[in-house]
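Here is how the chains run, residue by residue.
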Amino acid sequence: MMAIVCIRLKLGDRPLAKVISKDSSKKLRKQGGRYLQKLRNAAGLTQREVAEVAGFKYYTFISQIENGAGRIPPALYADYAKVVDADLAVFVKDMLKFYDPYTHHCLYGPVAKKKAAKR
């Protein structure tokens, strides 16, 4: 049985109703993991190096995060962004998109859909 979380928010005069299933939440975490892996690879770092410098107790947790099985604790956002040389504001905004889409929507509006490539 699929668990569904419903939240109704109000943005100005218009309501924002969102339904996020457990599956779509997992999909967002996996997308976030791919994003984090790209940042790490662009910085030329191993998972172990990121873990050591960013303050994670176990380097295997970086693998779990990159595979969508875990999340970066918000208290470590700044450290993680610094390690991978990412702009902190952009990094946090992106983490909200993957980990907390409701808050992201309230702060930044809906995420733009990617347009299909023309053939």
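From a predicted model like this one, the values you see are computed outputs, not experimental measurements.

A few points about the overall build of the chain
Point 1. Scanning the chain from N- to C-terminus turns up 6 helices and 2 strands.
Point 2. Taken from the N to the C terminus, the helices and strands of the chain come in the order β-β-α-α-α-α-α-α.
Point 3. Residues counted as buried form 31% of the 119 residues belonging to the chain.
Point 4. As displayed, the chain offers around 8,500 Å² of accessible surface, 55% of which is attributable to carbon and sulfur atoms.

A few points about the environment of aspartate 94
Point 1. As for its position among the elements, aspartate 94 is in helix H5 (residues 88–99).
Point 2. For the pair aspartate 94 and histidine 104, spaced 10 residues apart in the sequence, the C-alpha separation amounts to 8.4 Å.

Some points on the pattern of salt bridges
Point 1. In total, this model carries 2 salt bridges according to the counting rule given.
Point 2. For glutamate 66, the salt bridge identified is with arginine 40, shortest N-O distance 2.6 Å. On the criterion of sequence distance, the pair formed by glutamate 66 in helix H3 (residues 60–66) and arginine 40 in helix H1 (residues 22–42) is long-range, its members being 26 residues apart. A single burial state applies to glutamate 66 and to arginine 40, both of which are buried.
Point 3. Between aspartate 94 and lysine 97 there is a salt bridge, with its nearest N and O atoms 3.6 Å apart.

A few points about the nonpolar core
Point 1. One finds Leu36, Phe56, Ile72, Tyr80, Phe91, Met95 and Tyr99 to be the most contacted residues of the largest nonpolar core, which totals 20 residues.
Point 2. Mapped by element, the contributors of at least two residues to this core are H1, helix H2 (47–54), H3, helix H4 (77–83) and H5.

A few points about the confidence of the model for the chain
Point 1. Residue-level pLDDT values for the chain average 82, and 76% of them are 70 or greater.
Point 2. Overall, residues 1–6 carries pLDDT values under 50, and its contacts beyond four positions in sequence, including any with other chains, amount to 12 contacts.
Point 3. Low pLDDT, under 50, characterises residues 13–17; the predicted model gives this stretch 13 contacts beyond four residues in sequence or across chains.

Some thoughts on the packing of aromatic side chains
Given two aromatic rings, their pairing is described by the distance between the two centres and the angle made by the two planes.
Point 1. By the definition in use, this model includes 5 aromatic pairs.
Point 2. Ring geometry for phenylalanine 56 against tyrosine 80: centres 6.1 Å apart, planes inclined by 90°, an arrangement best described as edge-to-face. Highlighted residues: phenylalanine 56 in the loop between H2 and H3 and tyrosine 80 in helix H4, separated in sequence by 24 residues. Here the two residues phenylalanine 56 and tyrosine 80 agree in accessibility, since each one is buried.
Point 3. Here tyrosine 80 and phenylalanine 91 contribute two aromatic rings whose centre-to-centre distance is 5.7 Å and whose plane-to-plane angle is 20°, an arrangement assigned as stacked. Of this pair, tyrosine 80 sits in helix H4 while phenylalanine 91 sits in helix H5; the two residues are 11 residues apart in sequence, bridging distant segments of the chain.

Focus on the environment of proline 74
Point 1. By the secondary structure assignment, proline 74 is in the loop between H3 and H4.
Point 2. According to the relative accessible area criterion, proline 74 is exposed, its value standing at 56%.
Point 3. Sequence-wise, proline 74 and valine 92 are 18 residues apart; in three dimensions their C-alpha atoms are separated by 8.6 Å.

About the thresholds
Residues numbered from 1 in each chain as written. Predicted model: local features only at pLDDT ≥ 70, side-chain atom pairs only at ≥ 80, totals over all residues. Heavy atoms only, no water. Helix = DSSP H or I, 4+ residues; strand = E, 2+ residues; numbered from the N terminus. Buried < 20%, exposed > 50% of the residue type's maximum accessible area, 1.4 Å probe, protein only. Areas by Shrake-Rupley, 256 points an atom, 1.4 Å probe, with all protein chains shown as cover. Salt bridge = Lys/Arg side-chain N within 4 Å of Asp/Glu carboxyl O. Core = buried A, V, L, I, M, F, W, Y, C linked by side-chain atoms within 4.5 Å. pLDDT = per-residue confidence, 0-100. Contact = heavy atoms within 4.5 Å. Phe/Tyr/Trp six-rings, centres within 6.5 Å; stacked < 30°, edge-to-face > 60°.

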